[in-house]
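Chains, contacts and geometry: an overview
Chain residues, written in single-letter form:
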Amino acid sequence: MPLAALEKIRAGLQRPLPGLDAQMGMAPSPRLGWDPLKFPDGATNGAALLLVYPSFAEATVGRPHDETLHVALTVRGAALRNHTGQVSLPGGRVDEGETFEAAAVREANEEIGVDPATIEVLGRLTPLHIPVSGFLLHPIVGFTSMRPAFQRAEWEVARIIEAPVSLLSDPSVLKREMRTRVVKGHSIDVDVPYFDIDGEKVWGATAMVLAEFCAILGS
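An account of the accompanying structure is given in this report. (Residues numbered from 1 in each chain as written. Predicted model: local features only at pLDDT ≥ 70, side-chain atom pairs only at ≥ 80, totals over all residues. Heavy atoms only, no water.)

1. Quick look at helix α4 (residues 204-218)
Three- or four-residue spacings in an α-helix give side chains the same orientation, since the helix completes a turn every 3.6 residues. Counted at 1.5 Å a residue, the expected span for α4 with its 15 residues is 21 Å, and the 21 Å between its end C-alpha atoms agrees. Burial analysis of α4 places 13 of its 15 residues in the buried class, which makes it a mostly covered element. (Helix = DSSP H or I, 4+ residues; strand = E, 2+ residues; numbered from the N terminus. Expected span 1.5 Å × (residues − 1). Buried < 20%, exposed > 50% of the residue type's maximum accessible area, 1.4 Å probe, protein only.)

Okay, here's the thing in structure tokens:
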């Protein structure tokens with residue numbers, strides 16, 4: 001199963017991407033003042049790594065596994081300025097002169113301790129503007145042939161979630177809720193879709209990236 005899924009990911013990243021149509025399936029609505037078709041001038045480039053890897057039947061690093069693939073998600077630490085407590089992919093600002101791929105790999109190393117030498121970059125997903133932080137996020141898909149020996153940066157990452165890839169397309173984890181936002185003094189009800197994973201609500205930009213990834217797997 002993992003080899004077949006991995007080859008499907010490789011092939012999907014070589015074809016035209018599902019893009020905005022897939023992302024919007026997990027986008028909160030309405031998003032006032034946000035145009036997904038326009039990237040504002042001056043947005044800061046950010047990169048995040050969607051890391052795919054095999055799990056192990058036993059908690060033993062270095063043992064290949066033949067059942068399922070996982071992706072690594074993080075719960076953001078309380079010390080961070082934006083999106084505190086939310087679930088995200090390891091990522092951050094792209095440094096001057098750095099490629100999106102290099103930035104994503106570096107951030108994964110800094111946040112969850114993945115050895116850069118073990119990561120094979122498979123390709124890019126569709127960029128996504130995040131109005132709250134002002135970032136233009138460039139999601140990068142990577143693969144490691146064995147489960148990493150994760151070590152989280154405690155001030156940045158509250159915990160690491162290891163989500164089976166198959167779970168992302170399970171209808172039972174796709175949920176929605178209504179949230180109230182105050183915009184210019186007016187209360188607005190917002191429909192928020194999310195993945196219910198390991199007791200966390202994965203929504204917003206992370207859910208939109210995962211939705212496009214799922215579309216590739218389902219293509």
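Moving on from the model shown.
2. Notes on the pattern of salt bridges
Throughout the structure, instances matching the rule amount to 14 salt bridges. Linking Arg10 and Glu120 is a salt bridge whose minimum nitrogen-to-oxygen distance equals 2.6 Å. With Arg10 in helix α1 (residues 2-14) and Glu120 in strand β5 (residues 120-124), this residue pair connects regions lying 110 residues apart in the sequence. Taking relative accessible area as the criterion, Arg10 reaches 24% and is therefore assigned partly exposed. Of the residues examined, Glu120 reaches a relative accessible area of 34% and is grouped as partly exposed. Between Arg106 and Glu98 there is a salt bridge; the shortest N-O distance is 2.7 Å. Put simply, Asp95, Glu98, Arg106, Glu107 and Glu110 are held in one network by salt bridges that share partners. (Salt bridge = Lys/Arg side-chain N within 4 Å of Asp/Glu carboxyl O.)

3. Brief notes about the packing of aromatic side chains
Pairs of aromatic rings are described using the distance from one ring centre to the other and the angle between the two planes. A full pass over the atoms with the stated rule returns one aromatic pair. Centre to centre, the rings of Tyr53 and Phe150 are 5.5 Å apart; their planes meet at 70°, and the pair counts as edge-to-face. Residue Tyr53 is located in strand β1 (residues 44-54), and its partner Phe150 is located in the loop between β7 (135-143) and β8 (157-164); the two are separated by 97 residues in the primary sequence. Across the ring face of Trp203, the terminal group of Arg179 is positioned such that the distance to the ring centre comes to 4.3 Å. The cationic tip of Lys201 hangs over the ring face of Tyr194; the distance from NZ or CZ to the ring centre is 5.4 Å. (Phe/Tyr/Trp six-rings, centres within 6.5 Å; stacked < 30°, edge-to-face > 60°. Lys NZ or Arg CZ within 6 Å of the ring centre and 35° of its normal.)

4. Some details on the pairing of β1
Counting buried positions over the eleven residues of β1 gives nine, a clear majority of the element. In the sheet, β1 pairs with strand β4 (residues 91-93) via three bridges, with the strands oriented antiparallel. Across the sheet, residue Ala47 finds its bridge partner in β4, namely Gly92. In this structure, β1 lies alongside strand β2 (residues 69-76), joined through three bridges in antiparallel fashion. Residue pairing for β2: Pro54 is matched across the bridge by Leu69. (Pairing = 2+ DSSP bridges.)

5. Points about unusual backbone geometry
Trans is the common state for peptide bonds, and a negative phi is the common state for residues other than glycine. For the peptide bond that leads from Ser29 to Pro30, omega is 0°, which places it in the cis range. Along the chain, Pro30 turns up in the loop between α2 (20-23) and β1.

6. As for the nonpolar core
Within the largest apolar cluster, 41 residues are counted, with the highest numbers of intra-cluster contacts made by Leu50, Val52, Leu73, Val141 and Phe213. Of all the secondary structure elements, the ones that give two or more residues to this core are α1, β1, β2, β6 (128-130), β7, β8, β10 (186-197) and α4. With residues up to four places along the chain from it excluded, the contact list for Leu73 reads Val87, Ser88, Leu89, Arg159, Ile160, Ile161, Ala163, Ile197, Val202, Thr206 and Leu210. Counting residues in hydrophobic clusters, the runner-up holds 16 residues, among them Leu49, Val94, Phe100 and Ile119. (Core = buried A, V, L, I, M, F, W, Y, C linked by side-chain atoms within 4.5 Å. Contact = heavy atoms within 4.5 Å.)

7. Notes on the environment of Cys214
Turning to its location among the elements, Cys214 is positioned in helix α4. On a C-alpha basis, the gap between Cys214 and Leu168 in space is 6.8 Å, while along the polypeptide they are 46 residues apart. When near neighbours in sequence (up to four residues on either side) are disregarded, Cys214 contacts Leu168 and Ser169.

8. Things to note about the sheet that holds strand β11 (residues 200-202)
Ordered by their spatial adjacency, three strands build an open sheet running β9-β10-β11, and the pairing between neighbours is antiparallel. On the outer flanks of this sheet lie β9 (174-183) and β11, each paired with one strand and no other. Taken pair by pair, the neighbouring strands of this sheet meet at an average axis angle of 50°, ignoring direction. With ten bridges connecting them, β9 and β10 associate as antiparallel partners. Across the sheet, the residue bridging to Lys175 is Tyr194, located in β10. (Axes fitted to C-alpha atoms, helices over the stretch in contact; angles between N-to-C directions.)

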